[in-house]
Amino acid sequence: MKPKAVVIGSGIGGLLTASFLAKKSYDVTVLEKAPYIGGRFTNSNYRGFGLSTGAFHMLPQGEDGPLAHLLKLLNADVQIVNSNPKGMIFYEGRTFHYREGWKYLSFAEKAKATKLLLDIKRNKLPKGNEAEMSGREWLRERIGDNEFVDLFIKSFLGWADSVLDVPAIELAKEIKAALKWGGPGLIKGGCKAITDELARITVKSGGRILTGKRVVEVDIDAKKVVTAEGDEVNYDVLISNIGIKETVELVGKNNFNREYLKRIDSLRPSEGIKYNLALKGEPRIGNTVVFTLDTERINGYNEPSSLSPELAKEGYTLVMLHHALQSRNLKAERKKGIDDIYRIFPNLDEEGEILLIQTYLDGNPVNRVASGQAVDEFPIDNVYIVGDAFRPPGGIEVEGIALGVMRILEKLGLGDFREWHL
């Protein structure tokens, strides 16, 4: 008899895990509370544009990163195209290739930065108290008090992690990931191309995906989940893609010790605002990311329709910008973000418009657990956490989710991914 696997949530972590389990002859059932699959990693049609429900139609490490590797193992029919250049910079009112940024460093700072990158590449990472210090302060100590470097790292973290600082060890490992696997890449067709393909693989391999099914209880003694409609589904392995705190609630807090609950309660999400622009005409920057340094709130932007014209209405380019929230005054935050947009695109009123502003916080954050926070293994037998609440150190956004899925597959004896450990 096939072992039974229940996956709660059809975000990219849940669908990625479900695909592998189904292909490895598990009897898989995916339960999704929403009427659609994909979570914050799918497309949303709006006024003729293919916006996203969260992500930027882009993978942080492109076709050479952890997520792309897992997709290749699944023989997923997905096209990812690496960005060229890997990134650009908006600074002092102009946009330029990221390599030009070196000119803002003195000779001594360049030498220190080069040595630091070599150290990271050789796995000489911060340890002890140094590992826990502010990542931006750590760079200042290692390279020097260079305003350009600090603004670049602030922009990078805001765009990649939706936070403005992380511990030194997290920043070092994110830099290591970029050195090891390269820069970003756009997904042909947007986020939906990946989650739809994962769903297809799961179903083709014998799995079931049920939408509109909200799980309200997990009985770990009987090894079953219960839905709001009273349906009961038994499991041998339970995969939760809904967050650690949410899973603890389903299982029951009485099943955890006080220290673990205190640790889980201390975890904080990352929050942000995404702006979707429609600009008339051809793409301005193409398949890349622009890190915005001399802005108050916007951290970066990309143009998904430069690879997938179908994501924009004919005659337009789709631009997505993001900023990490710095306060809970959303009106003030949005105003500063919009002011930044006009700083980047001063002729916006003649060239296009702001299509939609999406805010990610509270129950629908950018990430349920912000980068740089250590997450302990879930202490319940046969229950595993995947998704944005379980991303090993150094894993940026969905690449971190993929690294987390690799860890779970290893625990289940379904693969050896040690070469992908950072």
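Only a predicted model underlies this, so the values are computations on that prediction, with no experimental measurement involved. (Residues numbered from 1 in each chain as written. Predicted model: local features only at pLDDT ≥ 70, side-chain atom pairs only at ≥ 80, totals over all residues. Heavy atoms only, no water.)

## Some details on the sheet that holds strand β11 (residues 215-219)
Line of reasoning, step 1. With respect to topology, 3 strands assemble into an open sheet ordered β11-β12-β13, the strand pairing being antiparallel. The strands lining the two open edges of the sheet, one partner per strand, are β11 and β13 (232-234). Direction aside, neighbouring strands of the sheet carry axes that sit 20° apart on average.
Line of reasoning, step 2. Of the strand pairs in this sheet, β11 and strand β12 (residues 224-227) are connected by 4 bridges, and their pairing is antiparallel. Across the sheet, the residue bridging to Val-218 is Val-225, located in β12. (Pairing = 2+ DSSP bridges. Helix = DSSP H or I, 4+ residues; strand = E, 2+ residues; numbered from the N terminus. Axes fitted to C-alpha atoms, helices over the stretch in contact; angles between N-to-C directions.)

## A look at the pattern of salt bridges
Proximity of charged atoms lets side chains of opposite charge pair with each other.
Line of reasoning, step 1. Per the stated rule, a full pass over the model turns up 24 salt bridges.
Line of reasoning, step 2. Glu-271 is the partner of Arg-328 in a salt bridge, and the nearest nitrogen-oxygen pair spans 2.9 Å. Residue Arg-328 is located in the loop between β18 (316-324) and α11 (330-344), and its partner Glu-271 is located in the loop between α10 (258-266) and β15 (272-280); the two are separated by 57 residues in the primary sequence.
Line of reasoning, step 3. A residue is classified by how much of its surface remains accessible, and Glu-271, at 14% relative accessible area, is buried. (Salt bridge = Lys/Arg side-chain N within 4 Å of Asp/Glu carboxyl O. Buried < 20%, exposed > 50% of the residue type's maximum accessible area, 1.4 Å probe, protein only.)

## Things to note about the sheet that holds strand β6 (residues 80-82)
Line of reasoning, step 1. Strand order in the open sheet formed by 3 strands is β5-β9-β6, with antiparallel pairing between adjacent strands. Each edge of the open sheet is held by one strand with a lone partner, namely β5 (58-59) and β6.

## Structural notes on empty space enclosed by the protein
Line of reasoning, step 1. Taken as a whole, this structure holds 3 cavities of 30 Å³ or more when the rule is applied.
Line of reasoning, step 2. One number sums up the size of the largest cavity: a volume of about 70 Å³.
Line of reasoning, step 3. Lining the largest cavity are Leu-151, Lys-154, Ser-155, Thr-292, Leu-293, Thr-295, Glu-296, Arg-297, Ile-298, Asn-299 and Gln-326.
Line of reasoning, step 4. The biggest single contributor to the lining of the largest cavity is helix α6 (residues 147-161), with 3 residues.
Line of reasoning, step 5. Broken down by class, the residue content of the lining of the largest cavity amounts to 3 nonpolar, 5 polar and 3 charged. (1 Å grid on protein atoms, 1.4 Å probe; cavity = no way out; pocket = protein on both sides within 12 Å on 5 of 7 lines; lining within 4 Å. Points joined across faces, edges and corners; volume = space filled by probe spheres on them. Nonpolar A, V, L, I, M, F, W, Y, C, P; charged D, E, K, R; others polar.)

## Here's the deal with a nonpolar patch on the surface
Line of reasoning, step 1. Judged by side-chain polarity, Trp-102, Leu-117 and Leu-179 come together as a nonpolar surface patch covering roughly 230 Å² of accessible area.
Line of reasoning, step 2. Residue classification places Leu-179 among the partly exposed positions, given a relative accessible area of 37%. (Patch = residues over 30% accessible without salt bridge, like charges linked within 9 Å, V, L, I, M, F, W, Y side chains within 5 Å. Areas by Shrake-Rupley, 256 points an atom, 1.4 Å probe, with all protein chains shown as cover.)

## Some points on the nonpolar core
Line of reasoning, step 1. Ile-194 and Val-225 are the most contacted members of the largest nonpolar core, which totals 73 residues.
Line of reasoning, step 2. By residue number, the principal contributor to this core is helix α13 (residues 397-411), which donates 8 residues.
Line of reasoning, step 3. With sequence-adjacent residues up to four places away left out, Val-225 is seen in contact with Val-6, Ile-8, Leu-31, Val-215, Glu-217, Val-218, Asp-231, Glu-232, Val-233, Tyr-235 and Leu-238.
Line of reasoning, step 4. Of all hydrophobic cores here, the second largest spans 43 residues; its members include Trp-138, Leu-151, Ala-168 and Met-320. (Core = buried A, V, L, I, M, F, W, Y, C linked by side-chain atoms within 4.5 Å. Contact = heavy atoms within 4.5 Å.)

So, to be careful, I would describe these as geometric facts and stop short of saying anything about function.
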